[in-house]
Amino acid sequence: MIRHDFSGLWVYLSASPLLGLTLTLIAYLGAWQLHRRTGGHPLVNPVLIAVLVLVGVLWATDTPYETYFDGAQFVHFLLGPATVALAIPLYGQIQRLRAMAIPLGITLLCGAATAIVVAWGAGAVLGASEASLISLAPKSVTTPIAMAVAEALGGLPSLTAALVIMTGIFGAMVAQGLFRLLGTRDPAVQGFAMGLAAHGIGTARAFQISAETGAFAALAMATNGLLTALLTPWLLPWLSRWFA
């Protein structure tokens, strides 16, 4: 009887476009509380936990993703304004940004090219198809840019989106451990590395460390998205020949 009542209630709730929004907020707030209770441990990543909870709920209730996204699109819409708002903390670091412009530019070029080459090379060695290789190439930039690049070049946008999310979560989880291992303490260096390698999820984690770290992560995320969109179509023909 209880199971039947719950099923009827779920069918009723799933008809509301606010279902996806409510589920997303509850999942993330719960994950964030767990993250705080563990002292902000990087392995207890709130994005990863929220994703796993949402996937589990949708699978258990047999809810189509389209139904969920009808409500969750409100959160998706806010990504645009949130990204633009990242310019505010970046402006606060404008003096240091000018002083570091040349090394940051070199790092950006090397990092963007390396991410594309390593992703393609690893996939080629493991025998991935050409469409999968194209989908792998832009994995280190924010999802909308990565999906657009993959689709334009003949990749699989849905696969790219999954790879981007996994890359960001992994980067956010291991970044601080790597910084300790390498002895990297400069907030600007840490932030730029996190934004360059782990895009928006890494940037969110960087802001948890400090405002300066987050500002440089935001810079790397934005500029890497632009550079990767320009580099990928130029690099892929060369990579196809090298790994043929």
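Reading guide: rules and limits
- Residues numbered from 1 in each chain as written.
- Predicted model: local features only at pLDDT ≥ 70, side-chain atom pairs only at ≥ 80, totals over all residues.
- Heavy atoms only, no water.
- UniProt positions renumbered as here; feature names shortened; annotations may be inferred.
- Helix = DSSP H or I, 4+ residues; strand = E, 2+ residues; numbered from the N terminus.
- Rg over C-alpha atoms; globule rule 2.2 N^0.38 Å.
- Contact = heavy atoms within 4.5 Å.
- Expected span 1.5 Å × (residues − 1).
- Bend = angle between axes of the 7 residues up to and from the residue.
- Domains from an automatic or database assignment.
- Buried area = accessible area lost by both parts, 1.4 Å probe.
- Salt bridge = Lys/Arg side-chain N within 4 Å of Asp/Glu carboxyl O.
- Polar contact = N/O pair within 3.5 Å; in protein donor to acceptor, adjacent residues only side chain to side chain.
- Core = buried A, V, L, I, M, F, W, Y, C linked by side-chain atoms within 4.5 Å.
- Buried < 20%, exposed > 50% of the residue type's maximum accessible area, 1.4 Å probe, protein only.

By the naming in an unreviewed UniProt entry, the chain is LrgB family protein, taken from Denitromonas halophila. UniProt, in its Subcellular location (unreviewed entry) section for the chain, records the words "Membrane".

Caption draft 1: Structural detail: the overall build of the chain. A tally of regular secondary structure across the chain gives 12 helices and 0 strands. Mapped in sequence order, the helices and strands of the chain form the string α-α-α-α-α-α-α-α-α-α-α-α. What you see for the chain is a C-alpha radius of gyration of 20 Å, in line with the 18 Å of a compact globule of 244 residues. A principal-axis box enclosing the C-alpha atoms of the chain has dimensions of 65 × 45 × 30 Å. Restricting to contacts in the chain with at least 6 residues of sequence separation, those with at least 24 account for 66%.

Caption draft 2: Spotlight on the UniProt feature "transmembrane region" (unreviewed entry) in the chain. Per the UniProt annotation, the sites labelled "transmembrane region" (unreviewed entry) are residues 12-31, 43-61, 73-92, 104-125, 145-175 and 215-236. The span residues 73-92 is 90% helical and 0% strand by assignment, and the distance between its end C-alpha atoms comes to 31 Å. For residues 104-125, the end-to-end C-alpha separation is 31 Å, with 100% helix and 0% strand making up the annotated structure.

Caption draft 3: Just helix H11 (residues 187-209), in detail. Look at H11: only 9 Å from first C-alpha to last across 23 residues, short of the 33 Å you get at 1.5 Å a residue. For H11, the principal kink sits at His 199 and spans about 145°.

Caption draft 4: Summary view of unusual backbone geometry. Even without being a glycine, Asp 62 presents a positive backbone phi close to 55°. Position of Asp 62 relative to the elements: it lies in the loop between helix H3 (46-61) and helix H4 (65-85). Here the phi dihedral of His 199 falls at roughly 40°; this positive angle occurs in a residue that is not glycine. Tracing the chain through its elements places His 199 in helix H11.

Caption draft 5: Highlighting the domain arrangement of the chain. Partitioning the chain into domains gives domain 1 (1-76) and domain 2 (83-244). Taking the mean C-alpha position of each, domain 1 and domain 2 sit 28 Å from one another. At the interface, 8 residues of domain 1 touch 7 residues of domain 2. With both chains or domains summed, domain 1 and domain 2 bury close to 710 Å², and 67% of this area falls on carbon and sulfur atoms. Taken together, domain 1 and domain 2 are joined by 0 salt bridges. On the surface where domain 1 and domain 2 come into contact, there are 1 residue pair in polar contact (both at pLDDT 80 or more).

Caption draft 6: Structural context of the nonpolar core. Judged by nonpolar contacts, the single largest core of 25 residues is most densely connected at Leu 104, Ile 116, Phe 192 and Leu 236. Top element by residues in this core is helix H12 (residues 211-242). It accounts for 8 residues. Setting aside residues no more than four positions away along its own chain, Ile 116 makes contact with Ala 137, Thr 228, Leu 231, Thr 232, Leu 235, Leu 236 and Leu 239. Leu 19, Leu 23, Ala 27 and Leu 54 belong to the second largest nonpolar core, which has 9 residues in total.

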